[in-house]
Amino acid sequence: MTIEEYLYYIILPILAVSVLLVFYRVLVGPSIIDRVVALDLLITIGITIIAIYSIVYDQSTFLDIAMILGLIAFLSTIAFSYYLGKRVRAKKILEKKGKQNE
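I will try to describe carefully the structure that is included in this document. Source: prediction; values computed, not measured.

### Considering the environment of threonine 61
Phase 1 of the analysis: For threonine 61, the location among the structural elements is in helix H3 (residues 61-101).
Phase 2 of the analysis: Looking at threonine 61, the relative accessible area reads 46%, which means it is partly exposed.
Phase 3 of the analysis: Between the C-alpha atom of threonine 61 and that of glutamate 95, which follows or precedes it by 34 residues, the distance is 52 Å.

### Considering the packing of helix H1 (residues 3-28) against helix H2 (residues 32-57)
Phase 1 of the analysis: Their axes nearest at 9 Å, the elements H1 and H2 cross at an angle of 160 degrees. Classed by the angle they form, the pair H1 and H2 counts as roughly antiparallel. Handedness of the H1/H2 crossing: left-handed.
Phase 2 of the analysis: Of the residues in the contact of H1 with H2, the class split is 21 nonpolar, 2 polar and 4 charged.

### Some thoughts on H1
Given 3.6 residues per helical turn, the α-helix brings residues three or four places apart onto the same face.
Phase 1 of the analysis: Between its first and last C-alpha, H1 extends 36 Å over 26 residues, near the 38 Å set by a 1.5 Å rise per residue.
Phase 2 of the analysis: On its buried face, H1 sits against H2.

### A few points about the packing of aromatic side chains
Phase 1 of the analysis: Going through the model one piece at a time under the given rule, you end up with 3 aromatic pairs.
Phase 2 of the analysis: Residues tyrosine 53 and tyrosine 57 carry aromatic rings whose centres are separated by 4.7 Å and whose planes lie at 50 degrees to one another, so their mutual orientation is tilted. One end of the pair, tyrosine 53, and the other, tyrosine 57, are both in helix H2, 4 residues apart, so they sit about a helical turn from each other.
Phase 3 of the analysis: Looking at tyrosine 53, the relative accessible area reads 41%, which means it is partly exposed.
Phase 4 of the analysis: Looking at tyrosine 57, the relative accessible area reads 45%, which means it is partly exposed.
Phase 5 of the analysis: Between phenylalanine 80 and tyrosine 83 the ring centres are 5.7 Å apart and the planes differ by 45 degrees, which places this aromatic pair in the tilted class. Here tyrosine 83 and phenylalanine 80 lie together in helix H3, a separation of 3 residues that amounts to about one turn.
Phase 6 of the analysis: Relative accessible area serves as the criterion here: at 27%, phenylalanine 80 is assigned to the partly exposed category.
Phase 7 of the analysis: Accessibility expressed as a relative area gives 43% for tyrosine 83, which makes it partly exposed.
Phase 8 of the analysis: Cluster of aromatic residues (ring-pair linked, three or more members): Tyr53, Tyr57 and Phe62.

Each value, and the rule that gives it
- Within each chain, residues carry numbers counting from 1 in the order of the written sequence.
- Where totals are concerned, whole chains, interfaces and linings use all residues; where local detail is concerned, this predicted model gives features only for residues with pLDDT of at least 70, and gives and counts side-chain atom pairs only at 80 or more.
- Excluding hydrogens and water, the side-chain values take into account all heavy atoms of the structure.
- Helix and strand assignments follow DSSP, with helices taken as H or I runs no shorter than four residues and strands as E runs no shorter than two, numbered in order from the N terminus.
- Whether a residue is buried, partly exposed or exposed follows from its accessible area with a 1.4 Å probe, protein chains only, as a fraction of its type maximum: under 20%, in between, or over 50%, in that order.
- For helices, the axis comes from a line fit to the C-alpha atoms of the stretch in contact; other axes are also lines fit to C-alpha atoms, and the angle between any two N-to-C directions lies between 0 and 180 degrees.
- Each angle receives one of four descriptions, namely roughly parallel if under 35 degrees, roughly antiparallel if over 145, roughly perpendicular if within 65 to 115, and oblique otherwise.
- In this scheme the handedness of a crossing depends on how the near helix is turned from the far one: anticlockwise by less than a right angle means left-handed, clockwise means right-handed.
- Three residue categories are used. Nonpolar comprises Ala, Val, Leu, Ile, Met, Phe, Trp, Tyr, Cys and Pro, charged comprises Asp, Glu, Lys and Arg, and polar comprises the others, including Gly.
- Multiply 1.5 Å by the residue count of a helix minus one, and that product is the helix's expected span.
- Contacts are assigned to residue pairs with any non-hydrogen atoms lying within 4.5 Å of each other.
- Side-chain rings of Phe, Tyr and Trp, where Trp is taken by its six-membered ring, are said to pair if the distance between their centres is within 6.5 Å; with planes under 30 degrees apart they count as stacked, over 60 as edge-to-face, and otherwise as tilted.

This is how it looks when you write it as structure tokens:
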């Protein structure tokens, strides 16, 4: 079994199933944090699929695209976690002001 056959018949079906499961978590996730983590995982799976495509078709330029996509995914996750942190801090400040007024 060559590496191309291994990628086609074993790795890609596993990635396809994982995309479906993670996409379900993005849609149904119980909290916004679960959805953000699932979206980050979905992008990571997409990067893996791009890397496999690059290996099979011997196109190294796709690896550059995968690295850029990884950087964008990382920065967006950091930005969103910063936003959620500010939201939690603002909520705590409002709760403290509410208790002081009572």
